[in-house]
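Take a look at the letters that make up each chain.
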Amino acid sequence: MTIPEDISQTIVSQEFISRKLLTIEFRDAGIPPLRVLENENFDEISINGESYLGAPLKISEISRSDDNDLQRVQVEISNLAGSISSLIGLHGDVLTGCACMIEEVFLDNDFKVISSRAFPLFIGRANNLTLSRELLKFSIDTYLGGYSNRSPNMTYGVNCQWRKFKDIRCAYTGSETTCDKTLTRCSELGNLANFGGFPSIPSQQVIK
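What this report covers is the structure whose coordinates are included nearby. What you see is a predicted model; the values in this text were computed from it and never measured. (Residues numbered from 1 in each chain as written. Predicted model: local features only at pLDDT ≥ 70, side-chain atom pairs only at ≥ 80, totals over all residues. Heavy atoms only, no water.)

### Thoughts on the layout of surface pockets
Argument step 1. Within this model, the largest pocket holds a volume of roughly 530 Å³.
Argument step 2. Along the wall of the largest pocket there are 27 residues; nearest its centre are Glu-25, Pro-33, Arg-35, Ser-187 and Gly-190.
Argument step 3. Of the residues that constitute the lining of the largest pocket, the class distribution is eleven nonpolar, eight polar and eight charged. (1 Å grid on protein atoms, 1.4 Å probe; cavity = no way out; pocket = protein on both sides within 12 Å on 5 of 7 lines; lining within 4 Å. Points joined across faces, edges and corners; volume = space filled by probe spheres on them. Nonpolar A, V, L, I, M, F, W, Y, C, P; charged D, E, K, R; others polar.)

### Structural notes on the nonpolar core
Argument step 1. Core analysis: the biggest nonpolar cluster contains 23 residues, and Leu-22, Ile-24, Phe-26, Ile-77, Phe-138 and Ile-140 have the highest contact counts within it.
Argument step 2. Contributing elements (two or more residues each) for this core: strand E1 (17–25), strand E2 (34–38), strand E7 (70–78), strand E8 (99–107), strand E9 (113–131) and strand E10 (135–143).
Argument step 3. Beyond its immediate stretch of four places on either side in the chain, Ile-77 contacts Leu-22, Val-36, Pro-56, Leu-57, Glu-134, Leu-135, Leu-136 and Phe-138.
Argument step 4. Counting twelve residues, the second-largest nonpolar core is a separate cluster that includes Ile-123, Cys-160, Tyr-172 and Cys-186. (Core = buried A, V, L, I, M, F, W, Y, C linked by side-chain atoms within 4.5 Å. Buried < 20%, exposed > 50% of the residue type's maximum accessible area, 1.4 Å probe, protein only. Helix = DSSP H or I, 4+ residues; strand = E, 2+ residues; numbered from the N terminus. Contact = heavy atoms within 4.5 Å.)

### Examining the pattern of salt bridges
Argument step 1. The final tally for this structure, using the stated rule, is four salt bridges.
Argument step 2. Notably, a salt bridge pairs Arg-35 with Glu-50, separated by 3.2 Å at the nearest N-O pair. Separated by 15 residues along the polypeptide, Arg-35 in strand E2 and Glu-50 in strand E4 (residues 50–55) bring together distant segments of the chain.
Argument step 3. We note a salt bridge from Asp-141 to Arg-72, for which the minimum N-O separation is 2.7 Å. With Asp-141 in strand E10 and Arg-72 in strand E7, this pair connects stretches of sequence that are 69 residues apart.
Argument step 4. Ionic contacts of the salt-bridge type, sharing partners, join the residues Glu-176, Arg-185 and Glu-188 into one network. (Salt bridge = Lys/Arg side-chain N within 4 Å of Asp/Glu carboxyl O.)

### Here we look at unusual backbone geometry
Argument step 1. Positive phi, close to 75°, is recorded for Lys-166, a residue that is not glycine.
Argument step 2. Residue placement: Lys-166 occurs in the loop between helix H3 (145–150) and helix H4 (183–188).

### Quick look at the pairing of E7
Argument step 1. With three bridges joining them, strand E5 (residues 57–59) and E7 adopt antiparallel strand pairing. Bridge pairing in E7 links Lys-58 to Glu-76.
Argument step 2. Note: strand E6 (residues 63–64) against E7, two bridges, orientation antiparallel. Bridged to Arg-64 within E7 is Gln-71.
Argument step 3. As consecutive antiparallel partners, E6 and E7 are separated by five residues, and within that stretch Asn-68 has a phi angle of approximately 60°, a positive value. (Pairing = 2+ DSSP bridges.)

This is the structure we're talking about:
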């Protein structure tokens, strides 16, 4: 991975810690998002005003189907499975179909966030849920083929491809009036489920 330019000078002369972040936005508006920091202890960390709970978290490399129609990562979360199972017991399968985002954050030796930013790596929807007493497993899937079906005139790109903020495809209905079409902004607006970009797409790829 290429280290972002705005923090490269900060970390060049010292050790730094790279950690993954997972955000799950549940479909039920009454259930707050679940934010997890890849960490073996249960300390919380604040990034851009949001609190992330530290937990053992494993995220696989991105895999692709033979026809490049599907991108997928596998996720395992330990110790938080009990809280998820409680939600499922109360509300049913609240996870499948939820918008999920994986980001990377850089921490200094004191476990403080460098530049107070996280960098998007992958976005998709939760699928293939497996829940045990101590472990939660699921995949995050992005279907590239569905993109052309939703908007044949658009192209693939890292940022959102919807032409107009708040249009029928964006579907944002809040009070904000501007959007720079980045995944970070879409997350701030709580509109990840309608994000029209592909942050994990390679810089060059042939789409058949």
